[in-house]
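Secondary and tertiary structure notes
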Amino acid sequence: VTRCMTTERRHLESVDGIWARRISWGIVALAALIAFVHFAGGRVLWVDEAMIALNLRDLSWKQVVTRLEYAQMAPIGWLLGQKALLELTGNLEYSLRIVSFLAWIGCLFLFRDLCFRRFSPFVAACGLALFAFSAVLLKYAVELKHYEIDVLVATASLWAAMNILSAGRRAWGSWIVFAIAAL
């Protein structure tokens, strides 16, 4: 009888786990859709974003990395990437916001994987929902600010560290992710 109950319990846990994993993909898709609707909505730049955009448009490459106008500050790598994207695509607001949007999508996938590696399926799905539907994270997912990149770097660092701790030296790909995130 005990063996039968244990087998039945495993089956129920695995069924719950399957549903939690399916629901988690729905959470990822819905959060990405919400961010995309905001991204595609054509919202105008707000003051802080406009000041960064003016810096990227008006300043030379050297000036962007040495001093910004309008009392703005941002990481140098992010500024250079944004300036390159602006010069490649022209003066489009969408091109300025795409980096944050793509970083948000990356965060969703990494955080989902982190949750399911560390927690039970139900707890993982709940944690993912809290992360995915965070008003602050969704707001910054479509803005010309570096904050979503910061979240991606932190999430990638945690993901890589967990892979390294669980796989040891065999996790050479995780070491590379961890090193890039550290930069």
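Residues numbered from 1 in each chain as written. Predicted model: local features only at pLDDT ≥ 70, side-chain atom pairs only at ≥ 80, totals over all residues. Heavy atoms only, no water.

**Comments concerning the overall build of the protein**
Of regular secondary structure, the protein possesses nine helices and zero strands. Helices and strands in the protein line up, N terminus first, as α-α-α-α-α-α-α-α-α. Put simply, the protein has 183 residues, and 35% of those count as buried. Sequence-distant contacts, at least 24 apart, represent 66% of the contacts inside the protein between residues at least 6 apart. Counting only carbon and sulfur atoms, one obtains 70% of the accessible surface of the protein, whose full area is about 11,100 Å². (Helix = DSSP H or I, 4+ residues; strand = E, 2+ residues; numbered from the N terminus. Buried < 20%, exposed > 50% of the residue type's maximum accessible area, 1.4 Å probe, protein only. Contact = heavy atoms within 4.5 Å. Areas by Shrake-Rupley, 256 points an atom, 1.4 Å probe, with all protein chains shown as cover.)

**Digging into helix α2 (residues 47–58)**
With twelve residues, α2 extends 16 Å from end C-alpha to end C-alpha; this agrees with the ideal 16 Å at 1.5 Å per step. Inspection of α2 places Glu49, Ile52, Ala53, Asn55 and Leu56 among the buried residues, and these make up the whole buried set. Taken down its axis, α2 places every buried residue within 160 degrees of arc, on the same side. Looking at the buried side of α2, the elements it contacts are α3 (61–66), α4 (76–89) and α5 (93–118). (Expected span 1.5 Å × (residues − 1). Arc of directions from axis to C-beta.)

**Some thoughts on the environment of valine 153**
Looking at the secondary structure, you find valine 153 in helix α8 (residues 147–167). Sequence separation between valine 153 and cysteine 107 is 46 residues; the distance between their C-alpha atoms is 8.7 Å.

**What about the side chain of serine 100?**
With respect to the helices and strands, the residue serine 100 is situated in helix α5. Serine 100 sits in the buried class, given a relative accessible area of 1%. Non-local contacts of serine 100, meaning those with residues more than four positions away in its chain, are made with Tyr140, Ala141, Val142, Glu143, Lys145 and Glu148.

**Brief notes about unusual backbone geometry**
Unlike most non-glycine residues, tyrosine 70 shows phi in positive territory, near 60 degrees. Residue position: tyrosine 70 is located in the loop between α3 and α4. Positive phi is not limited to glycine here, since alanine 71 has a value of about 55 degrees. For alanine 71, a relative accessible area of 79% gives the class exposed.

**A few points about the packing of aromatic side chains**
Applying the stated criterion to the full structure yields eight aromatic pairs. Each ring, one from tryptophan 25 and one from phenylalanine 109, has its centre 5.7 Å from the other, and the planes form 50 degrees; the classification is tilted. Residue tryptophan 25 is located in helix α1 (residues 2–40), and its partner phenylalanine 109 is located in helix α5; the two are separated by 84 residues in the primary sequence. A relative accessible area of 42% places tryptophan 25 in the partly exposed class. (Phe/Tyr/Trp six-rings, centres within 6.5 Å; stacked < 30°, edge-to-face > 60°.)

**A few points about the confidence of the model for the protein**
If pLDDT is low for a region, its predicted coordinates should not be looked at in detail. Predicted confidence across the protein gives a mean pLDDT of 85, with 87% of residues reaching 70 or more. Looking over the protein, one finds the lowest element-wise mean pLDDT in helix α9 (residues 172–182), namely 69, and the highest in helix α6 (residues 121–132), namely 95. Predicted confidence is poor over residues 1–9, with pLDDT under 50, and the contacts of this stretch with residues over four places away or in other chains come to zero contacts. (pLDDT = per-residue confidence, 0-100.)

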